[in-house]
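Notes for the structure review
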Amino acid sequence: MDETLLPAGWTRAVRDPRLAAEIDAVYARAASAIERRGPACWASGRCCRFRDAGHRLYVTGLEAALTLVRLDRSPLAPAELESAIARGTCVFVSGNLCSVHTIKPLGCRLYFCDRSAAAWQREVHEQLLSDIRDIHDRHQQPYRYGEWGDMLRRFIDPSPTVGA
């Protein structure tokens, strides 16, 4: 498969309301799990400052496409993305808040600073990520799981990235 064609295919796929609804259903299950568990979120923005927090965000191709399709602003500019990557932050963090909170991918939805929720986060994430992989398969969309910045970069510059 020509890796440069993946972003266009994923974008076309998420424009199908049925596929988008399937991903939204996974996100709704995440919201239910969060409500049941009640992990703490201090809205500090630490989770969006990847380098400082010592973590990385990983997403699937369909999740990255859905986020970009649903952006309520101008398209993501290459310089904007590269600047965020160089800072070690999410391109969508604004101050201490997520500017794409309602359309963010699964990994963002399930990450909490609450250390007591770490094992719970991993378990729920693995279950729901498997559901998203099934959506890729059912809709015959190649499954790729990669670091957030690299996945977003694919949509701006469709040349494949290392390790994706």
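Residues numbered from 1 in each chain as written. Predicted model: local features only at pLDDT ≥ 70, side-chain atom pairs only at ≥ 80, totals over all residues. Heavy atoms only, no water.

**A closer look at helix 7 (residues 118-138)**
- Compared with the 30 Å implied by 1.5 Å per residue over 21 residues, the 30 Å span of helix 7 between its first and last C-alpha is a close match.
- The set of residues buried in helix 7 consists of Trp-120, Gln-121, Val-124, His-125, Leu-128, Leu-129, Ile-132, Ile-135 and His-136. In an axial view of helix 7, the angular spread of the buried residues amounts to 140°, which keeps them on one side of the axis. In helix 7, the exposed residues that point more than 90 degrees away from the buried face are Arg-122, Glu-123, Glu-126 and Arg-138.
- Elements in contact with the buried residues of helix 7: helix 1 (6-14), helix 2 (17-37), strand 1 (58-60), helix 4 (61-69), helix 6 (106-109) and strand 4 (145-147).
- Taken from the residues just after helix 7, Gln-140 is the one with a positive phi, measuring 50°. (Helix = DSSP H or I, 4+ residues; strand = E, 2+ residues; numbered from the N terminus. Expected span 1.5 Å × (residues − 1). Buried < 20%, exposed > 50% of the residue type's maximum accessible area, 1.4 Å probe, protein only. Arc of directions from axis to C-beta. Contact = heavy atoms within 4.5 Å.)

**A word on the packing of aromatic side chains**
- Summed over all chains, the structure comprises 5 aromatic pairs.
- Taking the centre distance of 6.1 Å and the plane angle of 35° together, the rings of Trp-10 and Phe-155 count as tilted. Linking Trp-10 in helix 1 with Phe-155 in helix 8 (residues 148-156), this pair joins segments that are 145 residues apart in sequence.
- Taken together, Tyr-58, Tyr-143 and Tyr-145 form an aromatic cluster joined through their ring pairs.
- Geometry around Tyr-27 places Arg-109 over its ring, the cationic atom sitting 3.8 Å from the centre. (Phe/Tyr/Trp six-rings, centres within 6.5 Å; stacked < 30°, edge-to-face > 60°. Lys NZ or Arg CZ within 6 Å of the ring centre and 35° of its normal.)

**Here we look at the packing of helix 1 against helix 8**
- At a minimum axis separation of 8 Å, helix 1 and helix 8 run at an interaxial angle of 90°. Looking at the two axes, helix 1 sits roughly perpendicular to helix 8. Of the residues in helix 8, those in contact with Leu-6, Pro-7, Trp-10 and Thr-11 of helix 1 are Met-151, Arg-154 and Phe-155.
- Partitioning the contact of helix 1 with helix 8 into residue classes produces 5 nonpolar, 1 polar and 1 charged. (Axes fitted to C-alpha atoms, helices over the stretch in contact; angles between N-to-C directions. Parallel < 35°, antiparallel > 145°, perpendicular 65-115°, else oblique. Nonpolar A, V, L, I, M, F, W, Y, C, P; charged D, E, K, R; others polar.)

**Observations regarding unusual backbone geometry**
- Despite not being glycine, Gln-140 has its phi angle at roughly 50°, a positive value.
- Note on placement: Gln-140 falls in the loop between helix 7 and strand 4.

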